[in-house]
Amino acid sequence: MTDLRSQLQGLWLPLVTPFRDGEVDETSLRRLARHYAAGPVDGLILTATSGEGMTLGMAELERVVATVRDGIADGGRTLPVCLGLSGASTSKMQDALDETADWPIDGYLIASPYYVRPSQRGLLQHFTALADHAAWPIVLYNIPYRTAVNIENETMLRLAEHQNIVGLKDCGADRAQSIELLRQRPAGFKVLTGEDAHYYEALTDGADGAILLSAHIETDSFAAVRTELREGNRDAARARWESLSELTTLLFAEPSPAPAKYWLARTGLIARADVRLPMVEVSAELAARLDAEMQRRTAASTRAA
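Residues numbered from 1 in each chain as written. Predicted model: local features only at pLDDT ≥ 70, side-chain atom pairs only at ≥ 80, totals over all residues. Heavy atoms only, no water.

Chemist: Hey, could you go over the packing of aromatic side chains for me, with residue numbers and the actual values?
Modeler: For any pair of aromatic rings, the description consists of the separation of the ring centres together with the inter-plane angle of the planes. In total, this model carries 2 aromatic pairs according to the counting rule given. Ring centres 6.0 Å apart and planes at 45° place the aromatic pair Y199 and F222 in the tilted group. Note that Y199 is positioned in helix α9 (residues 199-205) and F222 in helix α10 (residues 219-230), a separation of 23 residues in sequence. This pair shows no difference in class: Y199 is buried, exactly as F222 is. Aromatic side chains Y199 and W241 sit 5.9 Å apart centroid to centroid with 75° between the ring planes, which places their arrangement in the edge-to-face category. Remark: W241 occurs in helix α11 (residues 234-242) and Y199 occurs in helix α9; sequence separation between them is 42 residues. With respect to burial, Y199 and W241 carry one shared label: buried. An aromatic cluster of at least three residues, connected via ring pairs, comprises Y199, F222 and W241. (Phe/Tyr/Trp six-rings, centres within 6.5 Å; stacked < 30°, edge-to-face > 60°. Helix = DSSP H or I, 4+ residues; strand = E, 2+ residues; numbered from the N terminus. Buried < 20%, exposed > 50% of the residue type's maximum accessible area, 1.4 Å probe, protein only.)

Here it is in structure tokens:
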């Protein structure tokens, strides 16, 4: 395990969970972990939104963690791993924290309680109770367009003072709120954007990195955007981003992670593009668009070589 607070920066990947015949495809999952651990990824998020975690039982969550750890070990690399957990009941979430306390993880990514729409005071007490209870550090996940509640900055800043809350996946979709949080956050509290389409602007605003579903594809190029910015090469970073921005739109043209899974299956990284209901595989129309984009990018890469 690693010190999550120091590791929470750069490019993190919210890993998809491959399925086959209704079960977790551990062979494909191990191959994914081995593949991305060999590249410029700084950490992995498991079983969160992109990993279809809400369709997984506790035994499946544990198998996913074990399989990914094995895949990372195949490459001889140490890579931090966070487990995505979601729930609308504080006590049930505490039970999940207890059940996962001895798993080989480095922390949790925990979204706001969905559906119940608690007040800011309720959010503060909910996350404080979880942080007090958890054996591993917590990364907050603010994604109001899924949970129907926004963690406002006043609440976020109070939570950021908790020693067991180390950062934020920011999907608030409010750039002004994000900029203000970056300006006011305490030292050591990390902010990573989870908005694929806003990756470049979030980095220029001062975010510490990103957690991007789109980085399953052309991972090197996504990592290079941040590297170029950190080295002061803004024009090069912008050019890299412009080559990727349309890809982020395409991969969210239908509910995620179905488009990314289709792409990964077509390129052989996973065996099947299966998702679990209520998610469905991509439409024939989007499949054709994805195929065309794959061909275009392959041709462009060949010409560049």
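Now that the structure has been shown, the text picks up again.
Chemist: Could you give an account of unusual backbone geometry, naming the residues involved and the relevant values?
Modeler: Note: most peptide bonds trans; most residues except glycine with negative phi. Cis geometry marks the peptide bond from S256 to P257; its omega dihedral reads 15°. Of note, the bond from L277 into P278 is cis; its omega dihedral lies within 30 degrees of zero at 15°. Mapped onto the elements of the fold, P278 is located in the loop between α13 (258-266) and α14 (284-304). Of note in this structure, R117 is not a glycine but carries a positive phi near 55°. Here R117 is to be found in the loop between β6 (107-111) and α5 (120-133).

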